[in-house]
Every structure is written in C-alpha cells, then in structure tokens.
Amino acid sequence: MVDEENILKSRILIVDDEPANGTMLEMVLKRKGFTQVETTTSSRQSIAIYEEIQPDLVLLDLRMPDMDGFDVLAAIREMEQDYYPPVIILTAESDPNTRVKALQAGAKDFLSKPLDLSEVVCRCRNLLEMQLLHKQLIEKKDRMQQMVRDRTAELWTANALLREEIAEREEIQTWLEKQNELLEMVGQGGSLT
C-alpha cells in the first residue's frame, strides 16, 4: 500500500494558460495537503519546468497559445521515452475525437471544465497512488533482477570451483591408476626402469 505522506509530497505540474485556473487548482491541492505543486501559464515554459522538477503528475490544458496540450504531451513523451508520469487533460471540449486523440497521445484521464474541485483532488490522488504503486513495482522488479544476477554470479563461481575440483580429482585418479600399475608390475617382479 502507498503511504499517504508519499502521495502528498508527490510533485504536481499544472499547465493552464488561464492564470485563475492554475492558481485555483494549486490552492485547492495545497489545502488538501499536497506540498509540491508548480503552476505555469506558459506551455513553452512548461517543458523546462517539467525537466527541472520531474513531476509525478501533470494537469494539462489542451487549448493554449504557442504550444497546445498535444504539443506538450509529445514533448514529454520524447523526453521520457520509457516511462512518463500520468497526465490529466483539463478541457471544456466534449468532442470524443479530441478525447481519443489525447488518450492516444498519452493522456491518462480527463477533467471537464468547469472543474469540480473535489473530483480534481480525487483523480489526482488516484493517479498518484497508481504512479507510486507502479514505482514500487519497478523497484521490486529491479531488486529481484539484481538478486538473480547476484545468485547467478555465485552459481557460476561455484560451478567453476566444482569444475576445477573435478579436474583435480581426475588428475589424482589418473596418477593413482599409474601408481597401481607400477605396484602391480613390481609385485609381479617387473622393473621400474
């Protein structure tokens, strides 16, 4: 299970060109105990901020000047080719094609404007909990893989030692067989020369 403290100290980035929206979301999240919330009204600056803070969750408006939400999603995916944090799209659009396009671009959820603030908090918590569980799973997988590598190295070492021991025993066996042949020859009156 995920510790509540870890959820609340997750890094959240809000990108919305309407200053009032970003300020309101930041205020609500901080009132609910989130401690690391960053807001920007500039979609272009959001990329630099993203790189700097490495957020665990992004709340992203779709319709913005300069770069729209799709452009920001593409930039995030380009930076984080293996894994990137969940992105919640903030939109007033109800067009299914736009939503499907956002999902295909990497969004994980939607919040419809005007925003229901209790829903915002719940969805943020849910996605952050899944994010943290996913991180825990990756860490466990990495630890297991390291244990397997360590154990494999131990087994290779043990195997090499066993091969050396077998080779030594074969040498001793060959030497003993020669000594027995010599003893038999001496016992039969043969010469050792």
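Structure: above.
What comes next is a walk through the structure. Just so it is clear, the structure is predicted and the values come from calculations on it, not from any experiment.

In terms of regular secondary structure, the protein chain is built from six helices and five strands. In the protein chain, the succession of α and β elements from N to C terminus is α-β-α-β-α-β-α-β-α-β-α. The globule rule puts the C-alpha radius of gyration for 193 residues at 16 Å, and the 33 Å found for the protein chain is more than 25% above it. C-alpha atoms of the protein chain, sized along the principal axes, occupy 110 × 30 × 30 Å. Put simply, the protein chain has 193 residues, and 33% of those count as buried. Residue pairs in contact within the protein chain that sit at least 24 positions apart in sequence constitute 65% of those at least 6 positions apart. One finds the centroid of the 23 positive side-chain charges in the protein chain at a distance of 5 Å from the centroid of its 36 negative side-chain charges.

Time to look at a nonpolar patch on the surface. A surface patch of nonpolar side chains, amounting to about 320 Å² of accessible area, comprises I172, W175 and L176. Here W175 shows up in helix α6 (residues 117-187).

Before going further, it helps to spend a moment on the packing of aromatic side chains. The way to describe two aromatic rings as a pair is by their centre distance and the angle between their planes. For the structure shown, the criterion picks out zero aromatic pairs. It is R99 that lies over the ring of F110; its NZ or CZ is 4.8 Å from the centre. One residue, K101, lies across the ring of F70, its end atom 4.3 Å from the ring centre.

It is worth spelling out the pattern of salt bridges at this point. Where side chains of opposite charge bring their charged atoms close, a pairing between them can arise. Evaluated as defined, the whole model comprises 11 salt bridges. For the salt bridge of D56 with R11, the shortest nitrogen-to-oxygen distance reads 3.5 Å. Of the two residues, D56 is situated in the loop between α3 (43-53) and β3 (57-61) and R11 in strand β1 (residues 11-15); the sequence distance between them amounts to 45 residues. Overall, D56 belongs to the buried group, its relative accessible area being 4%. Classification of R11 by relative accessible area gives partly exposed; the value is 27%. Several salt bridges share partner residues, and in doing so they unite R11, D56 and K135 into one network.

The strand order across the open sheet formed by five strands is β2-β1-β3-β4-β5, and the pairing between neighbours is parallel. Pairing within the sheet leaves two strands with one partner each, and these edge strands are β2 (36-40) and β5 (109-112). Ignoring which end each strand starts from, the neighbouring axes of this sheet average 20 degrees apart. Relative to strand β4 (residues 87-91), β3 runs parallel, the two being bridged by four bridges. Bridging across to β4, L60 finds its partner in I89. Contacts from α3 reach β1, β2 and β3, with the element oriented near 175 degrees to β1. Its contacts with the sheet place helix α4 (residues 69-79) against β3 and β4, and it is angled at close to 150 degrees to β3.

Glancing now at the packing of helix α2 (residues 19-31) against α6. It is the contact of α2 with α6, at a shortest axis distance of 10 Å, that shows an interaxial angle of 65 degrees. Note that α2 runs across α6; the crossing there is right-handed. On the side of α2, the interface is formed by M24, L25, V28 and L29, while α6 contributes L117, V120, V121 and C124. Its residues assigned to classes, the contact of α2 with α6 shows eight nonpolar, no polar and no charged.

What counts, and where the lines are drawn
Residues numbered from 1 in each chain as written. Predicted model: local features only at pLDDT ≥ 70, side-chain atom pairs only at ≥ 80, totals over all residues. Heavy atoms only, no water. Helix = DSSP H or I, 4+ residues; strand = E, 2+ residues; numbered from the N terminus. Rg over C-alpha atoms; globule rule 2.2 N^0.38 Å. Buried < 20%, exposed > 50% of the residue type's maximum accessible area, 1.4 Å probe, protein only. Contact = heavy atoms within 4.5 Å. Lys, Arg positive; Asp, Glu negative; His and termini not counted. Charge placed at Lys NZ, Arg CZ, Asp CG, Glu CD. Patch = residues over 30% accessible without salt bridge, like charges linked within 9 Å, V, L, I, M, F, W, Y side chains within 5 Å. Areas by Shrake-Rupley, 256 points an atom, 1.4 Å probe, with all protein chains shown as cover. Salt bridge = Lys/Arg side-chain N within 4 Å of Asp/Glu carboxyl O. Phe/Tyr/Trp six-rings, centres within 6.5 Å; stacked < 30°, edge-to-face > 60°. Lys NZ or Arg CZ within 6 Å of the ring centre and 35° of its normal. Pairing = 2+ DSSP bridges. Axes fitted to C-alpha atoms, helices over the stretch in contact; angles between N-to-C directions. Left-handed = near helix turned anticlockwise from the far one by under 90°. Nonpolar A, V, L, I, M, F, W, Y, C, P; charged D, E, K, R; others polar.

Everything listed is a geometric property; what it means functionally is a separate question.
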